[in-house]
Amino acid sequence: MTGDAVLAACADRLRGARHVAVLTGAGISAESGIPTFRDALTGLWARYRPEDLATPEAFARDPRLVWEWYAWRRAIVQQAKPNAGHHALARLGRLAPTCVLVTQNVDGLHQRAGSARVLELHGNILRTRCSREGRVVERWADGPEVPPRCAACGAPLRPDVVWFGEPLPVEALRAAWDAASLCDVFLSVGTSNLVEPAASLPWRAAAAGAEVIVINTAVAGQRTGPRIHHLVGCAGEVLPTLLAAAWPNRPTAAS
Ligand code: NAD
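Residues numbered from 1 in each chain as written. Predicted model: local features only at pLDDT ≥ 70, side-chain atom pairs only at ≥ 80, totals over all residues. Heavy atoms only, no water.

> Sorry if this is basic, but what is going on with the sheet that holds strand β3 (residues 118-120) here?
Read from one edge of the open sheet, six strands run β3-β2-β1-β7-β8-β9, paired in parallel fashion. Of all the strands in the sheet, just β3 and β9 (228-232) have a single pairing partner and so form its edges. Strand after strand, the sheet turns through a mean of 20° between neighbouring axes, direction not considered. Sheet topology note: the strand β1 (residues 19-24)/strand β2 (residues 98-103) ladder contains six bridges and is parallel. Looking at β2, one finds that H19 is bridged to T98. (Pairing = 2+ DSSP bridges. Helix = DSSP H or I, 4+ residues; strand = E, 2+ residues; numbered from the N terminus. Axes fitted to C-alpha atoms, helices over the stretch in contact; angles between N-to-C directions.)

> Would you mind showing me how to read the domain arrangement of the protein here?
According to the domain assignment, the protein consists of domain 1 (1-34 + 82-122 + 168-255) and domain 2 (36-79 + 128-161). The gap between the C-alpha centroids of domain 1 and domain 2 is 29 Å. Each partner contributes to the interface: domain 1 provides seven residues, whereas domain 2 provides seven residues. A buried area of about 540 Å², summed over both sides, lies between domain 1 and domain 2, and 65% of it is on carbon and sulfur atoms. Across the contact surface, domain 1 and domain 2 share zero salt bridges. Inspection of the region where domain 1 meets domain 2 yields zero residue pairs in polar contact (both at pLDDT 80 or more). Grouping the constituent residues of the side of domain 1 that touches domain 2 by class yields three nonpolar, two polar and two charged. (Domains from an automatic or database assignment. Contact = heavy atoms within 4.5 Å. Buried area = accessible area lost by both parts, 1.4 Å probe. Salt bridge = Lys/Arg side-chain N within 4 Å of Asp/Glu carboxyl O. Polar contact = N/O pair within 3.5 Å; in protein donor to acceptor, adjacent residues only side chain to side chain. Nonpolar A, V, L, I, M, F, W, Y, C, P; charged D, E, K, R; others polar.)

> What is the right way to look at the side chain of R74 in this model?
Mapped onto the secondary structure, R74 falls in helix α6 (residues 63-79). One buried charged side chain, R74, makes no salt bridge at all; its nearest oppositely charged neighbour is D142, positioned 5.5 Å away. In contact with R74, other than residues within four places in its own chain, are W67, I125, L126, T128 and W140. (Buried < 20%, exposed > 50% of the residue type's maximum accessible area, 1.4 Å probe, protein only. Lys, Arg positive; Asp, Glu negative; His and termini not counted.)

> What exactly am I supposed to notice about α6 here?
Note on helix geometry: an α-helix contains 3.6 residues per turn, so any two residues three or four positions apart are oriented the same way. Taking 1.5 Å of rise per residue, 17 residues should cover 24 Å, and α6 covers 24 Å from first to last C-alpha, within 8% of that figure. Among the residues of α6, those classed as buried are L65, V66, W67, W69, Y70, R73, R74 and V77. Elements that come into contact with the buried residues of α6 comprise α3 (37-40), α4 (50-53), α5 (56-61), α8 (109-113), β4 (123-130) and β6 (157-161). (Expected span 1.5 Å × (residues − 1).)

> Hey, could you run me through the site of the ligand in this one?
In the vicinity of the ligand there are 25 residues, among which Q104, V106, H122, S192 and N216 approach most closely. Contact between the ligand and G190: an oxygen atom at 3.2 Å from a main-chain N or O atom of the residue. Residue T217 places a side-chain N or O atom 3.4 Å away from a nitrogen atom belonging to the ligand. Protein coverage of the free-state accessible area of the ligand, which is 860 Å², stands at 85%. In terms of residue count, helix α2 (residues 26-30) provides more of the shell around the ligand than any other element does, four residues in total. Two domains each put at least three residues into the shell around the ligand: domain 1 (1-34 + 82-122 + 168-255) and domain 2 (36-79 + 128-161). (Near = heavy atom within 4 Å. Areas by Shrake-Rupley, 256 points an atom, 1.4 Å probe, with all protein chains shown as cover.)

> What should I look at first to understand the nonpolar core in this one?
A general tendency of soluble globular proteins is for nonpolar side chains to be buried together. With 29 residues, the main nonpolar core has L14, L92, L187, L231, L239 and L242 as its most contacted residues. At six residues, the largest contribution of residues to this core is made by helix α11 (residues 235-246). Excluding its chain neighbours within four sequence positions, the residues that come into contact with L92 are L14, V20, V22, C99, L187, L243 and W247. Within the second largest apolar cluster, 21 residues are counted, among which are L23, A198, A210 and V212. (Core = buried A, V, L, I, M, F, W, Y, C linked by side-chain atoms within 4.5 Å.)

> Would you take a moment to explain the environment of P97 for this structure?
Relative to the elements of secondary structure, P97 occurs in the loop between α7 (84-95) and β2. Taking relative accessible area as the criterion, P97 reaches 61% and is therefore assigned exposed. Separated by 70 residues in the primary sequence, P97 and P167 have C-alpha atoms spaced 31 Å apart.

> Can you help me understand the environment of A245 in this one?
Within the secondary structure, A245 is located in helix α11. Through-space distance from the C-alpha of A245 to that of D184 is 18 Å; in sequence the pair is 61 residues apart. Leave out the neighbours within four places in its chain, and A245 touches L7, A11 and R15.

> Please clarify how the sheet that holds β6 should be interpreted in this entry.
The strands that make up a sheet are held in pairs by hydrogen bonds between backbone atoms, and each pair lies either parallel or antiparallel. Spatially, the three strands line up as an open sheet ordered β5-β4-β6, and their pairing is antiparallel. Lying at the two open borders of the sheet, with one neighbouring strand each, are β5 (136-137) and β6. The pairing of β4 with β6 spans five bridges and is classified as antiparallel. Following the sheet pairing, C130 is matched in β6 by L157. Here α6 sits on the sheet in contact with β4 and β6, set at roughly 140° to β4.

Given below as structure tokens:
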């Protein structure tokens, strides 16, 4: 099939779906200027490995270093804006009869684009939590002490994200698994599908009979199979094009 024919077939499937599930990864936010994890390990941070910055052991060893890495990334996220891909998925949430949006991203851009319910598998960089008691802290004062301390118990605050080696939030993961098992169409957008257990969600959907649409700038490394369709390109271009093909008579504005 040509690229146009694949797009038309995917649009047909999407329009006819009763249950849609979507999984997003760092690629959808790349066009908002948020570097993927590996791309972020440049410049000041080039001498560090992910396990030096994003593990419980790293935080125990050097909490200031870990806090400063997240503060640097948080500043990038705060300046970023949702892009056409995030807006298209918010619109899909209004067009499809049901749509569950699952993200591995920690940047909150889906919510800012207007997606109503987002299952965050890896937390959110804009929140912190107490490293001792787990209490979520949305506002804190940055002062001379780094990391700042929990106002209730005095333990250092940590970012409210899932680090390598930590379990995912049970409820969000269960809801994501259920959505993958139930859906007619599963969109996998901007993820390398390397980080488990999220990586298994599209294949769970395919095994349960759904059509899986993979939107990525690269096909390399992505699975292939009878119900797996690849739309190659930037999420910010492919998603609006796919929605326009699926619902040609609906306005493209966020309404
Ligand atoms: P990843 O970095 O492993 O993979 C990104 C994928 O996106 C790649 O396959 C790449 O080919 C693709 N891609 C790049 N630009 C794209 C674009 N414009 N359109 C479509 N696809 C594009 O990311 P991952 O799979 O999400 O896993 C890495 C982990 O890093 C995740 O757990 C995530 O929590 C974390 N992370 C999150 C953010 C964020 O919140 N924005 C940023 C960096 C890392």
